[in-house]
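# Notes for the structure review
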Amino acid sequence: MIYLDNAATTKPCSEAAEAAVKCASRCFGNPSSLHHMGVEAEKTITCAKKTLLNRLGKDGEIFFTSGATESNNMAIFGIAEALKRRGNRIVTTAIEHPSVSEPMKKLSERGFEVISLKPKDHADLERAIIDAVDEKTILTSFMAVNNEIGFIIDTKKVYDGVKRKNPFCAVHVDGVQGFCKLPLHGDTISLSGHKIHCFKGIGALYKNKDTRLLPISFGGGQQGGLRSGTEPVELAAAFEAAVKAYPKNVTVFSALRHRLTEHLERLNRIIINSPENGIDNILNFSVLGVRSEIMLHFLEEKGIYVSSGSACSKGKIGSAPDAFGFSAERADSAVRVSFCGNNTEKEVDTLAEALEEGIKRFRR
Ligand code: PMP
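An account of the accompanying structure is given in this report. (Residues numbered from 1 in each chain as written. Predicted model: local features only at pLDDT ≥ 70, side-chain atom pairs only at ≥ 80, totals over all residues. Heavy atoms only, no water.)

## Focus on the pattern of salt bridges
- Under the defined criterion, the tally for this structure stands at 24 salt bridges.
- We note a salt bridge from Lys-106 to Glu-109, for which the minimum N-O separation is 3.8 Å. Here Glu-109 and Lys-106 lie together in helix α4 (residues 98–109), a separation of three residues that amounts to about one turn.
- Between Asp-160 and Lys-156 there is a salt bridge, and its shortest N-O distance comes to 2.7 Å. Residue Asp-160 and its partner Lys-156 are located together in helix α6 (residues 155–165), separated by four residues, close to a single helical turn.
- Residue Asp-160 is classed as partly exposed on the basis of its relative accessible area, which comes to 26%.
- Assessed through its relative accessible area of 41%, Lys-156 is described here as partly exposed.
- Each of the salt bridges in this network shares a partner with another, and the network as a whole consists of Arg-89, Glu-113 and Asp-134. (Salt bridge = Lys/Arg side-chain N within 4 Å of Asp/Glu carboxyl O. Helix = DSSP H or I, 4+ residues; strand = E, 2+ residues; numbered from the N terminus. Buried < 20%, exposed > 50% of the residue type's maximum accessible area, 1.4 Å probe, protein only.)

## Details of the pairing of strand β4 (residues 113–117)
- Relative to β4, strand β3 (residues 89–93) runs parallel, the two being bridged by five bridges. Bridge assignment links Thr-92 to a residue of β4, and that residue is Ser-116. (Pairing = 2+ DSSP bridges.)

## Quick notes on α4
- Over its twelve residues, α4 extends 16 Å from the first C-alpha to the last, a length consistent with the 16 Å expected when each residue adds 1.5 Å.
- Of the residues making up α4, those classed as buried are Ser-99, Val-100, Pro-103, Met-104 and Leu-107. Relative to the axis of α4, the buried residues are bounded by an arc of 130° and lie together on one face.
- Downstream of α4 by a residue or two, Gly-111 has a phi angle that is positive, lying close to 105°. (Expected span 1.5 Å × (residues − 1). Arc of directions from axis to C-beta.)

## Side note on the packing of helix α5 (residues 125–132) against α6
- Look at α5 against α6: their axes get within 9 Å of each other, and the N-to-C directions meet at 20°. On the basis of the axis angle, α5 is roughly parallel to α6. For the pair α5 and α6, the sense of crossing is right-handed. Of the residues in α6, those in contact with Glu-126, Ile-129, Ile-130 and Asp-131 of α5 are Lys-157, Val-158, Gly-161, Val-162 and Lys-165.
- Across the contact of α5 with α6, the residue classes break down as four nonpolar, one polar and four charged. (Axes fitted to C-alpha atoms, helices over the stretch in contact; angles between N-to-C directions. Parallel < 35°, antiparallel > 145°, perpendicular 65-115°, else oblique. Left-handed = near helix turned anticlockwise from the far one by under 90°. Contact = heavy atoms within 4.5 Å. Nonpolar A, V, L, I, M, F, W, Y, C, P; charged D, E, K, R; others polar.)

Next comes the structure, spelled out in structure tokens:
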């Protein structure tokens, strides 16, 4: 099997699996319990939070969640609710994951003015986000790395620019595809375990000390009352282990991308959809004349797993093609290859051979 769909999810690493099992067998108490087992579980949670903060290079707080979808909802609705008296304008982009764009739709239905910027309308999307912020803007929300094509938004540039224009505007970053790969700057940042070789079902929301956030769900008041529910101790231990195991700099990504690009340049009627300065582990391209789904299943028969557009939208075309102004043919034939640190150049060569065969067989 050649797994090249790591932007959809990654294989859990042995470190994460071992940490979860160790924690489940030795440290399975409820962090709210006052006895020794509870205290040990609480320590596990605290330690995991420190490791995540450390990796982000930040002070502040970490809240464990069920994944980045929950983290994004917590941040967006929580900030909107906390700051609605100050203003009702929100700035975002048209290339967000549904876990951001759907909450934005809800806020718009509730009377917020949501400005959604398309890259095709702005040569410099970062500048456009900053320019769209005015004194009534309470929230800016954008992704650090686009999951479909790997487009990068410089979170520091936008963060600093937004704060210069309006220091009261909160900046939320969907950091899912950038965590452990790029520096991330935001008042709140969403993270997901399963994109960095941990399990599905664990994520986190980073929040700096000054940002006000109201809870969106209610219960026993755990995690400072912001995210009620017994903390996922085993999964937090696994998340910590996956973060520790994730290399500081995965040099193989750029070599793999370079090799695949070289192969694609040899084949004709291929358009590379990823920007040249996009993230190295994602390469999205269109094989004109072959529908994505046909190519995806052809590759699958050969044991090669890639994605069409974004896997989160289950076969549906994601938001990026329209927002970047790709033609229907280009969008319909897009293939996303996404690497992890264990992929090899030999796997890329095998993929290229299979693509060539697929093109010969199916191209119209
Ligand atoms: N944001 C981005 C950019 C993503 O790629 C994903 C996962 N596809 C999410 C949010 C949602 O993350 P989770 O699966 O942890 O809910």
